[in-house]
Amino acid sequence: MRVTWTGGELNFRLDPEDEITGRASDEHPIRLATNSCSIGGVPDDAHPDLFAVAAWTIVAPWTRKQVSFDRAISAEVAQTLHDGWGVEAGPVAAEPRGPGATLAISYSGGADSVAAATVYPDAPFVHFQRVTHPRVPNRWPHYRSDVLAKLAAKTGRELTVVTSDLEYTLSDPRPGYPEHHAVAAGALLLADRLNLGGLGFGYEIGSRWLGGGRYLGRYTPDNPMWSPHGRWGRLFAAVGVHLVLPVGGVSEAVTMRLALSSPLKDQVRWCLRGTGGPCRTCGKCLYKELIQAAVERRPLNTPITADQPAARKWRKKPPYGGQEMIEYGLARIPGIEDTLFAKALEYFDATEESTSWLDHCYPKALAEIPDQWRDQAVAFMTENVGIMTEAEVRRVETWGS
Ligand SMILES: [Zn+2]
């Protein structure tokens, strides 16, 4: 793989052994669409290691043996790429970037992201805004990334908006981040200007510890995407930008509760489709409605019926992504047996008691937060959430076994 940056424009050329099909770090199969993309709103004089790691979030799935950058990187980054991915990286000549002092939040505007922001009320935001690609047709005009950027601007936080078409480098399964970390590509290039030492993400306990997303139903202490000792955690640390998960120890029920009671509650938006509000008809809106109804202990309020595509998943057998939240919802929503979740109810014996661990914070998630930001998260979780008991910790650590 050969990587070239011209200002904020990334071009990459595959070597003979590279492939246009690959797997992201979560093992999901993906396919390359095109070999260039741009990142707007970033300086062109960032440390060379920052350019290298930003590029790696986009080219990693296609690279098999080696990667050469257009500017020399540090030996530390080269070693981390070798240890984590088995690739030879170079040329090597730069001094490593020293860590900065500031924690910024990679802010999407969704409930998890808002909850993470609420833990650190003074942290600046970096928001990634999807824009169209000059050479790839946009068949997703219903993705209203402009609406999310406007909401981010209304939060009153110090905000930097990064615009990028990098999601269009993926053709399959659809435009998206080649690696989840590509959402941070712009934040990495801003790291010197913002003096970043850490970047906070809204990944919650399901994504970090319970094998959420595409890993289904297993305890994942060594999660390769989000653990500090995993390959991505080590790579970000090598450029002085630690991965920080302020809400990594709490469930989506807690992030929903925190977001809806936060000063940013009017700007929360998890759906990319609606303009004046969430669309209420997509699968994500349905899942979030289940969580919100459970948190508010009220009946499910959705226009989606059991025969619609958005409901299809819930007629099938588990395991489901986010299964812990399904159990939580089934145990708490009045009248759930008369909704489109009736079929799913047959597979679980969930009760409020058996799901109450999802109302508390898993302490190992707090222990992972770097020293300089940990006390604030511990104080926040102790005051607003409560720390798990040993019995609750065991529920996390035996999840899926
Ligand atoms: Zn929606």
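This one's a predicted model, so the numbers in the text were calculated from it and none came from an experiment.

About the cut-offs
Residues numbered from 1 in each chain as written. Predicted model: local features only at pLDDT ≥ 70, side-chain atom pairs only at ≥ 80, totals over all residues. Helix = DSSP H or I, 4+ residues; strand = E, 2+ residues; numbered from the N terminus. Rg over C-alpha atoms; globule rule 2.2 N^0.38 Å. Buried ≥ 20, exposed ≤ 12 C-beta atoms within 10 Å, placed from the backbone. Contact = placed C-beta atoms within 7 Å. Domains from an automatic or database assignment. Axes fitted to C-alpha atoms, helices over the stretch in contact; angles between N-to-C directions. Parallel < 35°, antiparallel > 145°, perpendicular 65-115°, else oblique. Left-handed = near helix turned anticlockwise from the far one by under 90°. Nonpolar A, V, L, I, M, F, W, Y, C, P; charged D, E, K, R; others polar. Pairing = 2+ DSSP bridges.

A. Geometry of the overall build of the chain. Counting its secondary structure elements, the chain contains 14 helices and 13 strands. Here the chain has a C-alpha radius of gyration of 21 Å; the compact-globule value for 401 residues is 21 Å, and the two agree. For the chain, the spread of C-alpha atoms along the three principal axes comes to 60 × 45 × 40 Å. Considering the chain as a whole, with its 401 residues, one finds that 47% of them fall into the buried category. Considering only contacts in the chain between residues 6 or more positions apart, those separated by 24 or more positions represent 72%.

B. Structural context of unusual backbone geometry. Across the junction of glycine 90 and proline 91, the peptide omega takes the value 0°, indicating a cis bond. Mapped onto the secondary structure, proline 91 falls in strand S7 (residues 88-94). Residues aspartate 172 and proline 173 are joined by a peptide bond in cis, for which omega reads 10°. Along the chain, the position of proline 173 falls in the loop between strand S11 (170-172) and helix H5 (185-189).

C. Looking closely at the domain arrangement of the chain. Segmenting the chain into domains produces domain 1 (2-94), domain 2 (102-253 + 366-385) and domain 3 (268-356). For domain 1 versus domain 3, the distance between C-alpha centres works out to 39 Å.

D. Structural context of the packing of helix H3 (residues 111-119) against helix H8 (residues 252-260). Two numbers describe how H3 lies on H8: the axes approach to 8 Å, and their chain directions differ by 65°. It follows that H3 is roughly perpendicular to H8 by the angle criterion. As H3 packs across H8, the resulting crossing turns out to be left-handed. Taken together, the residues of H8 that come into contact with H3 (itself represented by Ala111, Asp112, Val114, Ala115 and Thr118) are Glu252, Thr255, Met256, Leu258 and Ala259. Of the residues contributing to the contact of H3 with H8, the split by class is six nonpolar, two polar and two charged.

E. A look at the environment of proline 99. Looking at the secondary structure, you find proline 99 in the loop between S7 and strand S8 (102-106). When the C-alpha positions of proline 99 and alanine 237 are compared, they lie 8.3 Å apart, and in sequence the two are 138 residues distant. In this view, proline 99 contacts Gly197 and Gly240; residues no more than four positions away in its chain are not counted.

F. Here's a closer look at the sheet that holds strand S3 (residues 21-23). The strand order across the open sheet built from three strands is S3-S4-S11, with neighbouring strands paired in antiparallel fashion. The sheet is open, and its two borders are formed by S3 and S11, each paired with just one other strand. Averaged over all pairs of adjacent strands, the angle between strand axes in this sheet comes to 45°, irrespective of strand direction. Alignment of S3 against strand S4 (residues 29-32), held across three bridges, turns out to be antiparallel. Among the inter-strand pairings, threonine 21 is bridged to a residue of S4, identified as arginine 31.

G. Region of the structure containing the pairing of strand S10 (residues 159-164). Here two bridges tie strand S5 (residues 36-40) to S10, and the two strands are oriented antiparallel to one another. Opposite isoleucine 39, over in S10, you have serine 164 as the bridge partner. As paired strands, strand S9 (residues 125-130) and S10 are joined by six bridges and run parallel to one another. Each bridged residue has a counterpart across the sheet, and for phenylalanine 125 the counterpart in S10 is leucine 159.

H. Up close: H3. In terms of burial, H3 is a largely internal element, nine of the nine residues being buried. If you check which residues of H3 are buried, you get Ala111, Asp112, Ser113, Val114, Ala115, Ala116, Ala117, Thr118 and Val119. The elements touched by buried residues of H3 are S8, S9, strand S12 (196-200), H8, helix H9 (283-296) and helix H13 (371-384).

I. Broad picture of the environment of glutamate 252. The residue glutamate 252 is located in helix H8 in this model. According to the C-beta neighbour criterion, glutamate 252 is buried, with 31 such atoms within 10 Å. Linking glutamate 252 and isoleucine 291, residues 39 residues apart in sequence, is a C-alpha distance of 7.3 Å.

J. Local environment of the packing of helix H2 (residues 75-85) against helix H7 (residues 231-238). For the pair H2 and H7, interaxial distance at closest approach is 9 Å and the crossing angle is 175°. One way to sum up the angle between H2 and H7 is to call them roughly antiparallel. On H7, the residues that touch Glu76, Val77, Thr80, Gly84 and Trp85 of H2 are Arg231, Arg234, Leu235 and Ala238. Classifying every residue of the contact of H2 with H7 by side-chain character gives four nonpolar, two polar and three charged.

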